[in-house]
Amino acid sequence: MALSDYNLSGEQKRNIAHFASIVKLAQADGIITTEEEKLLKRVANRFHILDEKYNEILNSPEDFPMHAPHNYDERIEHLYDLGKMVFADGEAKGEEANVLRKICIGLGFPLDNVEKVADEAIHLVLNNNDLEDFTKAIKYVNRI
């Protein structure tokens, strides 16, 4: 962690950790496709991640621990972003689905329901559901 990382706000740290999770998914199959790279750049811009930090995360995403949001809707929004990365290259590979399940655990979804939540997330993104419909469906599948 760079010295400049100590000056980051809590929200910035969460955004960086979330972005690192998205990078892990992009790298799950061993390559980052052009479509995945475009999505990574879009998310990095949305999170205000500068080029230096972007490259640092791309080179070592495992150096950035996951910080699951406490808010349930934010966790679902993170899952939505992650689901979009799974399909950024037009297909969901087994490695990516496995990484998504692990990240679901890190986001705080119950162990006994992780597979169902991850599968539903993939299905919803595949069918181009927007965030609002995605949130409703995940809340239905994972009632708390």
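Because the structure is a prediction, the values reported are computed rather than measured.

Here is what the cut-offs are and how they apply
- In this convention, every chain numbers its residues from 1, walking through the sequence in written order.
- Local features in this predicted model are restricted to residues of pLDDT 70 or higher, and side-chain atom pairs are both shown and tallied only at a pLDDT of 80 or more, whereas totals for entire chains, interfaces and linings draw on every residue.
- The side-chain quantities take in all heavy atoms of the structure and omit both hydrogens and water.
- Side-chain atoms within 4.5 Å link the members of a nonpolar core, which is a set of buried Ala, Val, Leu, Ile, Met, Phe, Trp, Tyr and Cys residues.
- Buried, partly exposed and exposed residues are distinguished by accessible area as a fraction of the type maximum, computed with a 1.4 Å probe on protein chains only: under 20%, between the cut-offs, and over 50%, respectively.
- What counts as a helix is a DSSP run of H or I of at least four residues, what counts as a strand is a run of E of at least two, and both are numbered from the N terminus.
- Salt bridge, as applied in this entry: a Lys or Arg side-chain nitrogen positioned within 4 Å of an Asp or Glu carboxyl oxygen.
- Between two residues, a contact is recorded if the distance between any of their heavy atoms is within 4.5 Å.
- Any two rings among Phe, Tyr and Trp, with Trp reduced to its six-membered ring, count as a pair given centres within 6.5 Å; such a pair is stacked if its planes are under 30 degrees apart, edge-to-face if over 60, and tilted if neither.
- Each residue carries a pLDDT score, the predictor's confidence in it, ranging from 0 to 100.

**What about the nonpolar core?**
So, point 1. If you look at the biggest cluster of nonpolar residues, it comprises 42 residues, and the most contacted ones within it are Phe19, Leu79, Phe109, Phe134 and Ile138.
So, point 2. Of all the elements in the fold, those that place two or more residues in this core are α1 (10–26), α2 (34–46), α3 (51–59), α4 (72–86), α5 (94–106), α6 (114–126) and α7 (131–141).

**Observations concerning the pattern of salt bridges**
So, point 1. Scanning all chains against the criterion turns up 5 salt bridges.
So, point 2. The salt bridge partner of Asp119 is Arg101, with a shortest N-O separation of 2.9 Å. With Asp119 in helix α6 and Arg101 in helix α5, the pair connects residues that are 18 residues apart, well separated along the chain.
So, point 3. With its nearest N and O atoms 3.5 Å apart, the salt bridge here joins Glu132 to Lys136. Of this pair, Glu132 and Lys136 both sit in helix α7, separated by 4 residues, roughly a single helical turn.
So, point 4. Its relative accessible area of 52% is what places Lys136 among the exposed residues.

**Details of the environment of His18**
So, point 1. Here His18 shows up in helix α1.
So, point 2. Note on His18: relative accessible area 3%, which makes it buried.
So, point 3. Measuring from C-alpha to C-alpha, the distance between His18 and Asn142 comes to 21 Å, with 124 residues separating the pair along the chain.
So, point 4. Apart from residues lying up to four places away in sequence, His18 is in contact with Phe47, His78, Asp81 and Leu82.

**Some details on the packing of aromatic side chains**
So, point 1. Scanning the entire structure with this criterion turns up 3 aromatic pairs.
So, point 2. A ring pair is formed by Tyr80 and Phe134, whose centres lie 5.0 Å apart and whose planes are at 70°; its orientation type is edge-to-face. Pair noted here: Tyr80 is in helix α4 and Phe134 is in helix α7, with a separation of 54 residues, a long-range link.
So, point 3. For Tyr80, a relative accessible area of 12% corresponds to the buried category.
So, point 4. Among the residues examined, Phe134 registers a relative accessible area of 0% and is labelled buried.

**Regarding the confidence of the model for the chain**
So, point 1. Counting all residues, the mean pLDDT for the chain is 85, and 92% of those residues have values of 70 or more.
So, point 2. Within the chain, α5 has the poorest average pLDDT of any element, 81, and α7 the best, 96.

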